[in-house]
Amino acid sequence: MTVATTTSTPVAAAAVERPKERRGRSRPGAWLAAVPLLAFVALAFGLPALAMLNGALSVDGSYGLGNMRQSVHGAYWTALLGSVKLSATTAAIAAVLGLLLAQAVVTSRGKALREAVLTASGVLANFGGVPLAFAFVATLGNAGVLTTELGLADHGWSLYSFWGLALTYLYFLVPLMVLTVAPALDGLRPQWREAAQNSGASVWQYWRHVGIPVLLPTLLGGFVLLFGSAFAAYATAASMVGSSVPLVTLQIADALSGNVLVGQENVALALSLDMVIVALLVMAVHLPLQRRSARWLA
């Protein structure tokens, strides 16, 4: 019996290892399948990025940092800070509200409710631009339905302000956070809660010592994702508030169209480069957090 066991062990090990070896090998020329995608990315993103970089660094027929310095001074700097402030504020509020809504949906017993909320979140997360601005103007504008019925104007309410725009952004940021955090909440194993309860831990202690630490990478990643989405939004703000709220996307549009000053196209490209730098920083934070949360909740 000992001989048979000893003899069969290497065979079984080899049988287990061979599929792994086959899976690890890459077929010759397999990378050719990615050539169309790489070509599309190069044309759709690479060429515009090079044109933007060239224009941002072009100063009177030569290359320099004059446009970049101008993009971080005066009204341009105010607009950049305004975009960062608006994005951070709305992302923080949407992260909290989205987490609470997702937790309520995940723990609910109604399957139909869960599917309805997730489906609606998928639709609302992509609902923006001019239609969203028109919907809020008709509802909460100066002559909107709720503004008139509730007398909000008498209490100092104005949709065309920082907080009015923030409320509008929450309309699509909260559903986006629900879609982001719901899979992570599903990944919380019931055994963890049962073990905490058997150890005498309260609900608050479970969330403080188990739930929140496990979800923290996902929550931070969701916040970063919401920040980037709000930072890049343009059509909603342009249609609703115009220039009453300083935002970098509106400044870029004004500089390109020459609404304020003529010949500021390269400054607009420099502002776009500033936005790209912020977006790269956002991605640099988001990707490691996403990988870490995937390891915990796999």
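For the structure, see preceding data.
Let me begin by describing the structure that accompanies this report.

**Looking at the environment of Leu-176**
Working step 1: Along the chain, Leu-176 turns up in helix H8 (residues 162-186).
Working step 2: In this structure the C-alpha to C-alpha distance between Leu-176 and Ser-229, which are 53 residues apart in sequence, comes to 9.4 Å.
Working step 3: Leave out the neighbours within four places in its chain, and Leu-176 touches Ala-125, Leu-225, Leu-226 and Ser-229.

**Examining the pattern of salt bridges**
Working step 1: For the structure on display, the rule yields 1 salt bridge.
Working step 2: A salt bridge links Arg-114 to Asp-186; its shortest N-O distance comes to 2.5 Å. Here Arg-114, found in helix H5 (residues 111-124), pairs with Asp-186, found in helix H8; they are 72 residues apart in sequence, far enough to count as distant.
Working step 3: Residue Arg-114 is classed as partly exposed on the basis of its relative accessible area, which comes to 24%.

**Quick look at the packing of H8 against helix H10 (residues 203-232)**
Working step 1: Contact pair H8 / H10: the axes reach a minimum separation of 10 Å and the direction vectors enclose 140 degrees. Here H8 is positioned oblique relative to H10, judged by the angle of their axes. Seen from above, H8 lies across H10 with right-handed handedness. Each of Tyr-169, Phe-172, Leu-173, Leu-176, Met-177, Thr-180, Val-181, Ala-184 and Leu-185 in H8 lies in contact with H10, whose residues at this interface are Trp-207, Leu-215, Thr-218, Leu-219, Gly-222, Leu-225, Leu-226, Ser-229 and Ala-230.
Working step 2: Looking at the contact of H8 with H10, its residues break down into 14 nonpolar, 4 polar and no charged.

**Describing a nonpolar patch on the surface**
Working step 1: A contiguous nonpolar surface patch, about 490 Å² in accessible area, is contributed by Ile-93, Val-96, Leu-97, Leu-100 and Trp-163.
Working step 2: It is helix H4 (residues 74-106) that contributes the most residues to the nonpolar patch, 4 residues altogether.
Working step 3: Relative to the elements of secondary structure, Trp-163 occurs in helix H8.

**Quick look at the nonpolar core**
Working step 1: Ranked by internal contacts, the top residues of the largest apolar core, which has 58 residues, are Leu-165, Tyr-169, Leu-185, Leu-226 and Leu-247.
Working step 2: Contributions of two or more residues to this core are made by H4, helix H6 (130-140), H8, H10, helix H11 (235-240), helix H12 (248-257) and helix H13 (265-297).
Working step 3: Ranked by residue count, the leading element in this core is H8, at 15 residues.
Working step 4: Those residues in contact with Tyr-169 that sit more than four places away from it in its chain are Leu-86, Thr-90, Ala-230, Ala-233, Thr-236, Ala-237 and Leu-247.
Working step 5: Counting 5 residues, the second-largest nonpolar core is a separate cluster that includes Met-52, Ala-56, Met-68 and Ala-270.

**Topic: the packing of aromatic side chains**
Centre distance and the angle of the planes are the two values used to describe a pair of aromatic rings.
Working step 1: Inspection of the entire model under this criterion finds 6 aromatic pairs.
Working step 2: Plain terms: the ring middles of Phe-136 and Tyr-171 are 5.7 Å apart, the flat faces sit at 85 degrees to each other, and that makes the pair edge-to-face. Within this pair, whereas Phe-136 is found in helix H6, its partner Tyr-171 is found in helix H8, the two being separated by 35 residues in sequence.
Working step 3: Here Phe-136 falls in the buried class, since its relative accessible area comes to 11%.
Working step 4: On the accessibility criterion, Tyr-171 (34% relative accessible area) is partly exposed.
Working step 5: Through successive ring pairs, a cluster of aromatic residues spans Phe-127, Phe-136 and Tyr-171.
Working step 6: One cation-aromatic arrangement involves Lys-85 over Phe-162; the distance from NZ or CZ to the ring centre is 5.0 Å.

Conventions adopted
The numbering scheme is per chain: residues are counted from 1 as the chain's sequence reads. Owing to the predicted nature of the model, reporting of local features is limited to residues with pLDDT of at least 70; listing and counting of side-chain atom pairs is limited to 80 or more, with chain, interface and lining totals taken over all residues. Side-chain metrics in this entry use all non-hydrogen atoms of the structure; hydrogen atoms and water are not considered. By definition, any uninterrupted DSSP run of H or I lasting at least four residues is a helix, any uninterrupted run of E lasting at least two residues is a strand, and each is numbered from the N terminus. Throughout, a residue-residue contact means that at least one pair of heavy atoms, one from each residue, lies within 4.5 Å. By definition, a salt bridge exists where a carboxyl oxygen of Asp or Glu is found within 4 Å of a side-chain nitrogen of Lys or Arg. Summary of the burial criterion: residues with accessible area below 20% of their type's maximum are buried, those above 50% are exposed, and those between are partly exposed, where the area comes from a 1.4 Å probe applied to protein chains only. Helix axes are fitted only over the stretch in contact, all axes being lines through C-alpha atoms; the angle between N-to-C directions runs from 0 to 180 degrees. By definition in this entry, angles of less than 35 degrees are roughly parallel, angles greater than 145 are roughly antiparallel, angles of 65 to 115 are roughly perpendicular, and the rest are oblique. Left-handed describes a crossing whose near helix is turned anticlockwise from the far helix by less than a right angle; the clockwise case is right-handed. Under this grouping Gly is polar, as are all residues other than the nonpolar Ala, Val, Leu, Ile, Met, Phe, Trp, Tyr, Cys and Pro and the charged Asp, Glu, Lys and Arg. Residues with no salt bridge and a relative accessible area higher than 30% make up the patches, which join like charges within 9 Å and nonpolar side chains (Val, Leu, Ile, Met, Phe, Trp, Tyr) within 5 Å. The protein chains shown are the only cover counted for residues, whose accessible areas, like all others here, come from Shrake-Rupley with a 1.4 Å probe. Residues grouped as a nonpolar core are buried Ala, Val, Leu, Ile, Met, Phe, Trp, Tyr and Cys residues, joined through side-chain atoms within 4.5 Å. Pairs were defined over the aromatic rings of Phe, Tyr and Trp, the Trp ring being its six-membered one, requiring ring centres within 6.5 Å. Orientation was assigned from the angle between planes: stacked under 30 degrees, edge-to-face over 60, tilted for the rest. Two conditions define a charge located above a ring, namely a distance within 6 Å from the ring centre to NZ of Lys or CZ of Arg, and an angle within 35 degrees of the ring normal.

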